[in-house]
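# Results of the structural survey
Chain by chain, the residues run as shown.
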Amino acid sequence: VPFAPGGQPDVVARSLAGPLGEALGQPVVVENRPGAGGNIAADAVAKAAPDGHTLLIGTNGPLAVSPALAKNLPYDVPRDFAFVTLVGTAPGLIAVHPSLGAATLAKLVAKAKAKPGALNFASVGKGSISQLTMEQLNGAAGIRTEHIPYNGGAPAVTALLAGDVQVLALNPTALIPHVKAGKLKVVAQTGAKRSPLIPDVPTVAESGYPGFDASVWMVIVVPAKTPPEAVRRLRTDLSRIIRDPALKSSLWDKQWIDPVGSSPEVAGRVVREETAKWARVGKALGLTLE
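What comes next is a walk through the structure.

Rules used in this analysis
- Residues numbered from 1 in each chain as written.
- Predicted model: local features only at pLDDT ≥ 70, side-chain atom pairs only at ≥ 80, totals over all residues.
- Heavy atoms only, no water.
- Helix = DSSP H or I, 4+ residues; strand = E, 2+ residues; numbered from the N terminus.
- Contact = heavy atoms within 4.5 Å.
- Buried < 20%, exposed > 50% of the residue type's maximum accessible area, 1.4 Å probe, protein only.
- Expected span 1.5 Å × (residues − 1).
- Bend = angle between axes of the 7 residues up to and from the residue.
- Phe/Tyr/Trp six-rings, centres within 6.5 Å; stacked < 30°, edge-to-face > 60°.
- Salt bridge = Lys/Arg side-chain N within 4 Å of Asp/Glu carboxyl O.

Along the chain, L197 turns up in the loop between β7 (185-189) and β8 (216-223). Through-space distance from the C-alpha of L197 to that of L105 is 19 Å; in sequence the pair is 92 residues apart. Setting aside residues up to four positions removed in sequence, L197 forms contacts with W256 and I257.

If you want it as structure tokens, here you go:
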């Protein structure tokens, strides 16, 4: 898992580990390797023995954003990984601290335009979809907000709650409890269309920025030279587990995820398309990641 315990990828990985271990007849251990926006874990899996025993639950950051924008990345996604399955997709949310007095995206943009560079936004790490969502908004809205990276979702949310930063783009799991408690305000969701899980919250695209899309997804990969029969076995077992109706109320609904359980081909296509998209966004905005 490329992030700290407690975040959405970690919860999903731990929920899948038990059933996968039962299917394989051996324990499946979850190991958290946070840091560098997920790149440390991705590099570790890229260099692991290709025996089907090491899997990465990859997200936008290490599998698409970093490959599109980072210089000297220690791994190459097409060369170093074999795709297993697309776990699912989730809406992203843009949340603000109530003290900002911005109940809508339009008001957030207006405040940012009034004082360029005065607002800070948190992210779960450099190169994460959390950062790139706000960088894309900066470009689309013609504003400037300053990036403050944190090592995972929990510290980023803590910083927003404390008012150390004013804005955070993140998955709903970490934000909604605080929204319900009145401690945070959601101004937009970041996917191309509204999630049925949050039907009352408009998208960024609907709020005046057509074409804006910063969806969240999770893909499972293994080292590139993993035997095809091992990849097929993992894909078969994981797809069945992901699609199990028993997980709907216990996992997917609570994590705000639309489960998929796709073929390796679909997973690979998602990553390629997302990498190309973030390369275009990066070029248009002059973004690179060190």
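Back to the write-up after that little detour.
In this section: helix α2 (residues 39-46). Counting buried positions along α2 gives six out of eight residues, so the element sits mostly inside the fold. Residues N39, A41, A42, D43, V45 and A46 constitute the buried set of α2. On its buried face, α2 is in contact with β1 (56-59), α3 (60-69), α4 (77-80), β2 (81-90) and β8.

Right, let's talk about helix α1 (residues 8-24) for a bit. Between its terminal C-alpha atoms α1 stretches 24 Å, which fits the 24 Å expected from 17 residues at 1.5 Å a residue. At A17, α1 is bent by approximately 30°, the largest bend along its length, and proline P19 sits one to four residues beyond. Turning to α1, its buried residues are Q8, P9, D10, V12, A13, L16, A17, L20 and G21. Those residues of α1 that are buried are in contact with β1, β2, α8 (172-180), β8, α9 (228-243) and α10 (246-255). Downstream of α1 by one or two residues, G25 has phi in the positive range, about 75°.

Here we come to the packing of aromatic side chains. By the definition in use, this model includes one aromatic pair. The interplanar angle of 65° and the centroid separation of 5.9 Å between the aromatic rings of Y75 and F81 together place this pair among those described as edge-to-face. Note on accessibility: Y75 and F81 belong to one class, buried.

Take the pattern of salt bridges next. This model, assessed by the stated rule, comprises ten salt bridges. For the salt bridge of R194 with E206, the shortest nitrogen-to-oxygen distance reads 2.8 Å. Of this pair, R194 sits in the loop between β7 and β8 while E206 is found in the loop between β7 and β8, placing the two residues twelve residues apart along the sequence. Among the charged side chains, a salt-bridge network with shared partners connects R233, D237 and R240.

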